[in-house]
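Coordinates in review
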Amino acid sequence: MAFYFKEPSRTFSEYLLVPGYSSAECQPKNVCLKTPLVKFKKGEEPRISLNIPMISAIMQSVSNDTLAIALAKEGGVSFIYGSQTVEDQAAMVKRVKDYKAGFVKSTSNLTPENTLLDVLNLKEKNGHSTVAITHDGTPNGKLLGIVTGRDYRVSRMSTDLKVKEFMTPLEKLVTAKLGVTLKEANDIIWDNKLNSLPIIDKDGCLDSFVFRKDYESNKNNPLELLDKEKRLVVGAGINTRDYKERVPALIEAGVDVLCIDSSEGFSEWQKLTIEWIREQYGDSVMVGAGNVVDAEGFRFLAECGADFIKVGIGGGSICITRETKGIGRGQATATIEVAKARDEYFKETGIYVPICSDGGIVHDYHITLALAMGSDFVMLGRYFSRFDESPTNKVKINGQYMKEYWGEGSARARNWQRYDLGGDKKLSFEEGVDSYVPYAGSLKDNVAISLAKVKSTMCNCGALTIPELQQKAKLTLVSSTSIIEGGAHDVVLKDKTSS
């Protein structure tokens, strides 16, 4: 006989937080939003922690390299979408890893015998304005000089001109010896008014560069999420079909964490994928799994070895899984139950497996509700798709700027691997839509506003950290009439555009 849940499944909009006692210390400036991204044992620290509880959805219309860079600068992680070729996804990951680093290995290298045309072609290919000139054109050859945009003018020079005629030679460069600390290197850059500092070994061979822009970026983005080599942290989505080819390529590109992208994660397909990763790489490769909506699904993936688990089916704004297939669960109810299962699993095993609420976030306060209900962080799609940094087109619709936003289960994305149940390699029917969302500007500005609201609400609850919020939060269900009462009512609103 079928099992029936006694309580209806509920959404975030059906709940409110009841304020708690706020001490004088409860000020937004004192709130810390750091939260674990991957599992850890009791008494230990997670290998990766987020500085803000936000990750971006594994979607074509959301998570490319430009958004990944912008989000990592703010302290979150983007998961580069996997519904593209292995080569293209790995290239996106590599661009993120190459963007920000302390000691940057040179990927743009030529010899003195190359030409200005080679410099221009290399710049167009890699996007780098600094080219190392080595004796053999390799990243670790003997350094002979560098070329930057200040060394040539295309309008006044022949593209056939050899590099040795216009490069800045080694004797005119300020360099540092291998072994210099990052702080010392930045001091040299500052004292000599440099944009880049070549690091060379005892034989004069190039080791790496340190760039001024990286130092300034760190000062402007104090929460940016970096790996041990001072590179931005980035994730990537994988599927349960081509993981044997995709995972090695992503690891080679430098990916920090993976996540299985599937509409429903309580399956043998995910178990086989995680088992293969563990057989090949042990615990060195971190991989999240999901999605699930109950305790049984969580326990299954936790025992499979998932490093974090995503919660939610059918709650995304562009997702129509519930209406096409009749499966899913209200996001609030799913989060509450899985969080309870996570805590029980931790008590039993001493292993804390973070959970991610994925979908159902409509308003900024829903983020705080998800955290209060037990989620360690949230995955957002529509939210990030509205920003300058998302990969979609900005268009004008009826006088308003919009951004395109489509689901992975839509005919446009045709990400059949995400909805794969082992049958034909095709998308048999749609589980997502193609849509527009209002354009909202830059990621940095909007994330700052959203997190200011989260911090303010946490202070109202007397909490300065996410674990403290989960301990102190008091939640109440609200009626349909109280939801109306909670917004502006019984007034005539002024037109903001005319004021």
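The structure this text deals with has already been given above.
Here is a short report on the structure shown in this document. (Residues numbered from 1 in each chain as written. Predicted model: local features only at pLDDT ≥ 70, side-chain atom pairs only at ≥ 80, totals over all residues. Heavy atoms only, no water.)

Here we look at the packing of helix H1 (residues 65-74) against helix H2 (residues 86-99)
Where H1 contacts H2, the axes come no closer than 9 Å and their chain directions differ by 35 degrees. Crossing hand, H1 versus H2: right-handed. Of the residues in H2, those touching H1 at Asp65, Ala68, Ile69 and Lys73 are Met92, Arg95, Val96 and Tyr99. When the residues that make up the contact of H1 with H2 are grouped by side-chain class, the tally is 5 nonpolar, no polar and 3 charged. (Axes fitted to C-alpha atoms, helices over the stretch in contact; angles between N-to-C directions. Helix = DSSP H or I, 4+ residues; strand = E, 2+ residues; numbered from the N terminus. Left-handed = near helix turned anticlockwise from the far one by under 90°. Contact = heavy atoms within 4.5 Å. Nonpolar A, V, L, I, M, F, W, Y, C, P; charged D, E, K, R; others polar.)

Description of helix H10 (residues 331-349)
The α-helix winds at 3.6 residues per turn, so residues separated by three or four positions along the chain end up facing the same way. For H10, which comprises 19 residues, the first-to-last C-alpha distance of 26 Å matches the rise-based estimate of 27 Å (1.5 Å per residue) to within 8%. Within the sequence span of H10, burial applies to Gln331, Ala332, Thr333, Ala334, Thr335, Val338, Ala339, Ala341, Arg342 and Tyr345. Downstream of H10 by a residue or two, glycine 350 has a phi angle that is positive, lying close to 75 degrees. (Expected span 1.5 Å × (residues − 1). Buried < 20%, exposed > 50% of the residue type's maximum accessible area, 1.4 Å probe, protein only.)

Side note on the sheet that holds strand S6 (residues 77-80)
Backbone-to-backbone hydrogen bonds join strands into a sheet, with any given pair of strands oriented parallel or antiparallel. If you trace the 8 strands once around the closed barrel, you get S5-S6-S14-S15-S16-S17-S19-S20, paired in parallel fashion. Averaged over all pairs of adjacent strands, the angle between their axes in this sheet comes to 30 degrees, without regard to strand direction. Of the strands in this sheet, strand S16 (287-292), strand S17 (309-311) and strand S19 (355-358) touch helix H8 (residues 295-304), which is tilted by about 160 degrees from S16. (Pairing = 2+ DSSP bridges.)

Points about the sheet that holds strand S8 (residues 131-134)
Reading across the sheet, the 4 strands line up as S7-S8-S9-S10 and stay open at both edges, with mixed pairing between neighbours. Across the chains shown, the open sheet's two edge strands, defined by having one partner strand only, are strand S7 (109-110) and strand S10 (168-169). The sheet contact formed by S8 and strand S9 (residues 143-147) spans 4 bridges and is antiparallel. When the bridges of S9 are listed, threonine 134 appears paired with leucine 143.

A look at the pairing of strand S13 (residues 206-211)
A large share of S13 lies buried, amounting to 6 of its 6 residues. Pairing of strand S12 (residues 196-200) with S13 involves 5 bridges; the strand directions are antiparallel. The residue bridging serine 196 from the neighbouring strand is phenylalanine 211, located in S13.

Quick look at the side chain of asparagine 64
When you line up the elements, asparagine 64 lands in the loop between strand S5 (54-56) and H1. For asparagine 64, a relative accessible area of 9% puts it in the buried group. In terms of polar contacts, asparagine 64 uses its side chain to reach the backbone amide nitrogen of leucine 67, at 3.2 Å. (Polar contact = N/O pair within 3.5 Å; in protein donor to acceptor, adjacent residues only side chain to side chain.)

Notes on the nonpolar core
If you look at the biggest cluster of nonpolar residues, it comprises 102 residues, and the most contacted ones within it are Leu37, Met54, Ile55, Phe79, Leu258, Phe298 and Phe384. Look past the residues within four positions of leucine 258 in its chain and what remains in contact with it is Phe79, Ala236, Ile238, Val247, Leu250, Val285, Met286, Val287, Gly288 and Phe308. Leu110, Leu122, Tyr152 and Phe166 belong to the second-largest nonpolar core, a separate cluster that totals 11 residues. (Core = buried A, V, L, I, M, F, W, Y, C linked by side-chain atoms within 4.5 Å.)

A few points about the pattern of salt bridges
Pairing between side chains of opposite charge can happen when the charged atoms of each approach one another. Within this structure, the stated rule accounts for 25 salt bridges. Between glutamate 113 and lysine 162 there is a salt bridge, and its shortest N-O distance comes to 2.8 Å. Residue glutamate 113 is located in the loop between S7 and helix H3 (116-126), and its partner lysine 162 is located in the loop between S9 and S10; the two are separated by 49 residues in the primary sequence. By relative accessible area, glutamate 113 is classed as partly exposed at 42%. Residue lysine 162 is classed as partly exposed on the basis of its relative accessible area of 35%. (Salt bridge = Lys/Arg side-chain N within 4 Å of Asp/Glu carboxyl O.)

Focus: the packing of aromatic side chains
Counted by the stated rule, this structure contains 14 aromatic pairs. Centre to centre, the rings of tryptophan 276 and tyrosine 281 are 6.2 Å apart; their planes meet at 75 degrees, and the pair counts as edge-to-face. Take tryptophan 276: its relative accessible area is 13%, and that puts it in the buried class. Centroid distance phenylalanine 308 to phenylalanine 377: 5.7 Å. Interplanar angle 70 degrees. Geometry classified as edge-to-face. Of this pair, phenylalanine 308 sits in the loop between H8 and S17 while phenylalanine 377 sits in strand S20 (residues 377-380), and the two are 69 residues apart along the sequence. As far as burial versus exposure is concerned, phenylalanine 308 and phenylalanine 377 are alike and both buried. By way of ring pairs, the aromatic residues Phe40, Phe346 and Tyr352 are connected into one cluster. (Phe/Tyr/Trp six-rings, centres within 6.5 Å; stacked < 30°, edge-to-face > 60°.)

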